[in-house]
Amino acid sequence: MSSTRGGLDRRNFLRTSGIAAAAIFGGAALAACTSAVSEQKGGGDDATPVRGGTLKVAINADLVPANILTNTTTAVSSVVGLVYESLIRYPNDKLEPQPLLAKSWQLAPDARSISLDLRDDVTFHSGRPFTAKDVEFSLRTYADAKWSGQLRSTAAAVTGFDIVSPTRIVLTLDNPVNNIFDLLDTVPILDSETIDQLGTGDTYIGTGPFKYVRRVPNSQLIFEKNPAYHVPDRPYLDRVELTVITDRQAQLNALKSGQVAAAIDLDYRDAENLGKDGYQVVNLEGAELQTYVGVNVTEPALADVRVRQAIAFALDRERIVAEVFRGAGYPLNVPWPKGSPAYDETRNTKYTRNVAKAKELLGQGPKPPKLPLTFPPGYGATAQIVQANLAEIGIETELDPVDAATFVKQLTGQQFRALWITDHSWAQFVPSTLTASAYPFNARRNSSRYDSPAYLAAADAAWRQPRGTGPDAERTYQALTDQLLEGLFLIEIGVRYLQYSAAGKVHGLSWTKRREAVFTDTFLS
């Protein structure tokens, strides 16, 4: 994503990119492009690809089948990345849609409809051909509240499905939304014939490079090469095994002993040391996570915005980035990474650490009682620093660690008692996606129980902009940022990069902007 202000007219740009895609891709050329659709890659060397072998990867939590469309955990993103594909895919450094299952598209001048031309050489793992009916089915399924898809509001804006032919569909929008391509990048194309088994975890049928074989609960997820994959001679690997290792020290030991060849999201200090010992450590750039302190604003002690401002001034963001993330990130006050068209450096300095100011604000009201500070696995070090920061200004907290499944349930169900620490995503996409869709920020229903007509109006104004970049869009993003900094129902700490740590024999690791594993071009030497 370019950090340059301004930019192309969104309608003209997207129409142009769709026409260009239609003009230059066909047959093998399209297949070759699709296999290297500008995802970031790790292990960037000139090793000659080798066919075959099993890649064993450690992940930190088991898959919760009901969460398969939530984009919330490493297990979910790994399964989706291996098994499924979307209609388009963004490169990781910009918001320019590239062909995947849709080979071209045309956005109407009024942004109220989009025509999609689909590939005709794609089959599901069951052998059934992929057609326009699967596009309609997948978008309708994603819009169903049952699945808790974070872009459900955008999916619900698609109100018409005109299937012109098996390879052409026209989507009609209830209103223009400037993140329609975020939706087309995010929604996995699902198999209607096995949808009843999706939420139970009995099977996963997609069109992607790997076929789901089986799951051993709390132990392993196993995938095998899709021999009918539409990209010729891919994938290189025969098999991928995801091994669930919840303890980070055990993950590290498994990598060092050769039980696994790669691990996702090790402790940053351990990854730093691995890098010194010759292992690969790759930041998933373009797929930023942002760590924050969440606030239940209906908790009486946190309802006063001055208390939330005191928390914001108390946080030692630089220390967390340096000590916990080991420099693999940077501090933030605003919820946008530096590459976002919504990022504004002047607004990013509003709550720099100021203990005296925090104490002054806190002294203007009654002293808060001791508050729970909830966090999932992997956030203990950050929670301890936040706890110390808050104690320094007179707010006592009790650390409340919970397992990953419980944490996601609390996040999606508005069940946090007071404060919590985790990451949010989606800020690396079109900025309106964050506040129209993501659980922590959704202006209509968020994890903090924050309800503000002014915030809702700002979020809707940004979402309904016909252009995603340019002066008009940026003005709506600035207004949105001001609402977030004023309400402070979420208090940003900073960007952190998820990391792959891998043995030197692993080549071509890649990922999407949602951190989904893309191992199409991965091989072992």
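As shown above, the structure is provided for reference.
Residues numbered from 1 in each chain as written. Predicted model: local features only at pLDDT ≥ 70, side-chain atom pairs only at ≥ 80, totals over all residues. Heavy atoms only, no water.

Draft legend 1. Structural detail: the overall build of the protein chain. The helix and strand tally for the protein chain stands at 16 helices and 24 strands. Computed over C-alpha atoms, the radius of gyration of the protein chain comes to 23 Å, within 12% of the 24 Å expected from 2.2 N^0.38 for 525 residues, which places it in the range of a compact globule. For the protein chain, the C-alpha atoms occupy an extent of roughly 70 × 60 × 40 Å along the three principal directions. Of all 525 residues assigned to the protein chain, the portion counted as buried reaches 61%. Partitioning the contacts of the protein chain with sequence separation of at least 6, the portion at a separation of at least 24 is 73%. Of the accessible surface of the protein chain, which amounts to about 18900 Å², a share of 48% is contributed by carbon and sulfur atoms. Where the 54 positive side-chain charges of the protein chain centre and where its 58 negative ones centre are 2 Å apart. (Helix = DSSP H or I, 4+ residues; strand = E, 2+ residues; numbered from the N terminus. Rg over C-alpha atoms; globule rule 2.2 N^0.38 Å. Buried < 20%, exposed > 50% of the residue type's maximum accessible area, 1.4 Å probe, protein only. Contact = heavy atoms within 4.5 Å. Areas by Shrake-Rupley, 256 points an atom, 1.4 Å probe, with all protein chains shown as cover. Lys, Arg positive; Asp, Glu negative; His and termini not counted. Charge placed at Lys NZ, Arg CZ, Asp CG, Glu CD.)

Draft legend 2. Representation of the nonpolar core. Ranked by internal contacts, the top residues of the largest apolar core, which has 151 residues, are Leu87, Leu116, Phe223 and Phe519. When residues no more than four places from it in sequence are discounted, the contact partners of Leu87 are Pro99, Leu100, Leu101, Ala102, Leu116, Leu118, Phe130, Val135, Leu184 and Ile189. Counting residues in each nonpolar core, the second largest holds 9 residues, with Ala58, Leu252, Ala254 and Val260 among its members. (Core = buried A, V, L, I, M, F, W, Y, C linked by side-chain atoms within 4.5 Å.)

Draft legend 3. Looking closely at the sheet that holds strand S17 (residues 397-401). The sheet built from 6 strands is open, its strands ordered S15-S19-S14-S18-S16-S17 with mixed pairing. Lying at the two open borders of the sheet, with one neighbouring strand each, are strand S15 (329-331) and S17. Averaged over all pairs of adjacent strands, the angle between strand axes in this sheet comes to 25 degrees, irrespective of strand direction. For S15 and strand S19 (residues 490-496), the ladder comprises 3 bridges, and the chain directions are antiparallel. By the bridge assignment for S19, Pro331 is matched with Gly494. Strands in contact with helix H10 (residues 317-324) are S15 and S19; relative to S15, the strand with the most contacts, it is inclined by about 165 degrees. Its contacts with the sheet put helix H12 (residues 380-393) on strand S14 (289-295), strand S16 (371-375), S17, strand S18 (419-424) and S19, and the angle it makes with S17 is roughly 170 degrees. (Pairing = 2+ DSSP bridges. Axes fitted to C-alpha atoms, helices over the stretch in contact; angles between N-to-C directions.)

Draft legend 4. Representation of the packing of helix H9 (residues 305-314) against helix H11 (residues 355-362). H11 packs onto H9 with a crossing angle of 165 degrees between their chain directions and a minimal axis gap of 8 Å. Relative to H11, H9 is oriented roughly antiparallel. Taken as a pair, H9 and H11 cross one another with a handedness that is left-handed. On the side of H9, the interface is formed by Arg306, Val307, Gln309, Ala310, Phe313 and Ala314, while H11 contributes Val355, Lys357, Ala358, Leu361 and Leu362. (Parallel < 35°, antiparallel > 145°, perpendicular 65-115°, else oblique. Left-handed = near helix turned anticlockwise from the far one by under 90°.)

Draft legend 5. Here's a closer look at the pairing of S16. With 5 of 5 residues buried, S16 is to be regarded as a mostly interior element. With 5 bridges joining them, S16 and S17 adopt parallel strand pairing. By the bridge assignment for S17, Thr374 is matched with Asp400. Note that the unit made of S16, H12 and S17 has a crossover that is right-handed. Note that S16 and S18 share 2 bridges and pair parallel. Bridge pairing in S18 links Leu373 to Leu419. (Right-handed = clockwise from strand over helix to strand, strands pointing away.)

Draft legend 6. Spotlight on the sheet that holds strand S6 (residues 113-118). If you walk across this open sheet you meet the 4 strands as S5-S6-S8-S7, and the pairing is antiparallel. Where the open sheet ends on each side, the last strands, each with one partner, are strand S5 (102-107) and strand S7 (158-165). Strand-to-strand, the axes of this sheet are offset by a mean angle of 20 degrees, without reference to chain direction. Two elements, S6 and strand S8 (residues 168-173), share 5 bridges in a ladder whose sense is antiparallel. When the sheet's bridge partners are listed, Leu116 is paired in S8 with Ile169.

Draft legend 7. Fine view of the pattern of salt bridges. Counted under the stated rule, the structure contains 26 salt bridges. Here Glu241 ties to Arg239 by a salt bridge, and the two come within 2.8 Å at their closest N and O atoms. When its relative accessible area of 11% is taken as the criterion, Glu241 is described as buried. Here Asp400 and Arg417 are joined by a salt bridge, their closest N and O atoms 3.3 Å apart. Pair noted here: Asp400 is in strand S17 and Arg417 is in the loop between helix H13 (404-412) and S18, with a separation of 17 residues, a long-range link. Given a relative accessible area of 51%, Arg417 falls into the exposed group. If you follow the salt bridges from partner to partner, you end up with Arg128, Asp134, Asp191 and Glu193 in one network. (Salt bridge = Lys/Arg side-chain N within 4 Å of Asp/Glu carboxyl O.)

Draft legend 8. Just the environment of Phe137, in detail. Within the secondary structure layout, Phe137 lies in helix H4 (residues 132-143). By relative accessible area, which is 22% here, Phe137 ends up partly exposed. Measuring from C-alpha to C-alpha, the distance between Phe137 and Ser192 comes to 6.9 Å, with 55 residues separating the pair along the chain. Apart from the residues lying within four places of it in its own chain, the contact partners of Phe137 are Leu190, Asp191, Ser192 and Ile195.

Draft legend 9. Quick peek at the packing of H10 against H12. Across the interface, H10 lies against H12 with an axial gap of 10 Å and an inter-helix angle of 150 degrees. For the element pair H10 / H12, the angle class is roughly antiparallel. Judged by the twist between their axes, the crossing of H10 over H12 is right-handed. Mapping the contact onto sequence places Arg319, Ile320, Glu323 and Val324 in H10 and Ala381, Thr382, Ile385 and Val386 in H12. A class-by-class count of the residues in the contact of H10 with H12 yields 5 nonpolar, 1 polar and 2 charged. (Nonpolar A, V, L, I, M, F, W, Y, C, P; charged D, E, K, R; others polar.)

Draft legend 10. Main features of the packing of aromatic side chains. Enumeration according to the criterion identifies 17 aromatic pairs in this entry. Judged by centre distance (5.9 Å) and plane angle (80 degrees), the ring pair of Tyr236 and Phe523 falls under edge-to-face. Of this pair, Tyr236 sits in the loop between strand S10 (220-225) and strand S11 (239-244) while Phe523 is found in strand S24 (residues 523-524), placing the two residues 287 residues apart along the sequence. There is no split in this pair, since Tyr236 and Phe523 are both buried. Through a chain of ring-to-ring contacts, three or more aromatic side chains come together here, namely Tyr292, Phe407, Phe416 and Trp420. Its end group placed over the ring of Tyr330, Lys338 keeps NZ or CZ at 4.5 Å from the ring centre. (Phe/Tyr/Trp six-rings, centres within 6.5 Å; stacked < 30°, edge-to-face > 60°. Lys NZ or Arg CZ within 6 Å of the ring centre and 35° of its normal.)

Draft legend 11. Just the side chain of Glu288, in detail. Residue position: Glu288 is located in the loop between strand S13 (280-283) and S14. Lacking a salt bridge, the buried Glu288 has Lys513 as its closest oppositely charged neighbour, with an N-O distance of 5.4 Å. If sequence neighbours within four positions are ignored, Glu288 has contacts with Pro337, His424, Ser425, Gln428, Val495, Arg496, Tyr497 and Arg515.

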